[in-house]
Every structure is written in C-alpha cells, then in structure tokens.
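Structure assessment
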Amino acid sequence: MPKAYCTYTLLGAVKIMETKEIVELMLKSSDHNPYTGQLSKKDNLIAAIDLAKLCKDFADKGQTDEAMNIPSEQWVVVISELEGMSLNCA
C-alpha cells in the first residue's frame, strides 16, 4: 500500500496525498514559464525535480508549511521517482 501524507489546503482542511499525487502536483506546478510559456516534457521534469528538492530542503529545516507538511524522507521518494521519469525522457 502506498504511503500517504497529510497536507493542508488554504482553508485549513486536511488532504491526504500519496506519492503519485505529489509527483503529479510537482509536474503540474512546474510546467509553465511566465516568459517562455509551456515547458517541454524534459524541462518540466528538470523544474519539477528542482521544486521537489526545494521542498525537501524546507522539510529538512523544519519549515513544514513550505514543505506542504510532507516529511523529508517522502520528498526523497518523490525526487527519486521524478529522476526515474527523467531517465525515460529523451
């Protein structure tokens, strides 16, 4: 069974997120550049990995809000999955 972690919405409601949902959120959150528009799949993966690493850094420092209340060890799994996806992207 996949691990799930609690995150909080803007209204304070608790949302349970599985690793797959976190990966999808990172990809959706990083797929557009305000200057150049829609990113290529490869550039989107690079941006998603960087974003996930930033969130992991927040979690490491105890900045739970910025890390979406997801622990550092879960960010390691998310980063690993994104990096695996990037190997399959030419």
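Conventions adopted
Residues numbered from 1 in each chain as written. Predicted model: local features only at pLDDT ≥ 70, side-chain atom pairs only at ≥ 80, totals over all residues. Heavy atoms only, no water. Axes fitted to C-alpha atoms, helices over the stretch in contact; angles between N-to-C directions. Helix = DSSP H or I, 4+ residues; strand = E, 2+ residues; numbered from the N terminus. Left-handed = near helix turned anticlockwise from the far one by under 90°. Contact = heavy atoms within 4.5 Å. Nonpolar A, V, L, I, M, F, W, Y, C, P; charged D, E, K, R; others polar. Expected span 1.5 Å × (residues − 1). Buried < 20%, exposed > 50% of the residue type's maximum accessible area, 1.4 Å probe, protein only. Arc of directions from axis to C-beta. Polar contact = N/O pair within 3.5 Å; in protein donor to acceptor, adjacent residues only side chain to side chain.

1. Here we look at the packing of helix α1 (residues 19–29) against helix α3 (residues 72–87)
- At a minimum axis separation of 10 Å, α1 and α3 run at an interaxial angle of 60 degrees. Crossing hand, α1 versus α3: right-handed. Within the contact between the two elements, α1 uses Thr-19, Ile-22, Val-23, Met-26 and Leu-27 and α3 uses Gln-74, Trp-75, Val-77, Val-78, Glu-81, Leu-82 and Met-85.
- For the contact of α1 with α3, the residue count by class is 9 nonpolar, 2 polar and 1 charged.

2. Thoughts on the environment of Phe-58
- Tracing the backbone through its elements, the reader meets Phe-58 in helix α2 (residues 41–60).
- Placed 11 residues apart in sequence, Phe-58 and Asn-69 show a C-alpha to C-alpha distance of 9.8 Å.
- Ignoring any residue separated from it by four or fewer positions in sequence, one finds Phe-58 in contact with Gln-63, Glu-66 and Ala-67.

3. Observations regarding α2
- Here α2 spans 28 Å end to end across 20 residues, near enough to the 28 Å set by a 1.5 Å rise per residue.
- Residues of α2 that are buried: Asn-44, Leu-45, Ala-48, Ile-49, Ala-52, Cys-55 and Ala-59. Seen along its axis, α2 keeps its buried residues to an arc of 135 degrees; they face one direction.
- Those residues of α2 that are buried are in contact with α1 and α3.
- Of the residues one or two after α2, Gly-62 is the one with positive phi, at around 80 degrees.

4. A closer look at the side chain of Gln-74
- Note on placement: Gln-74 falls in helix α3.
- Here the side chain of Gln-74 touches Thr-19 through a polar contact of 2.2 Å, side chain to side chain.

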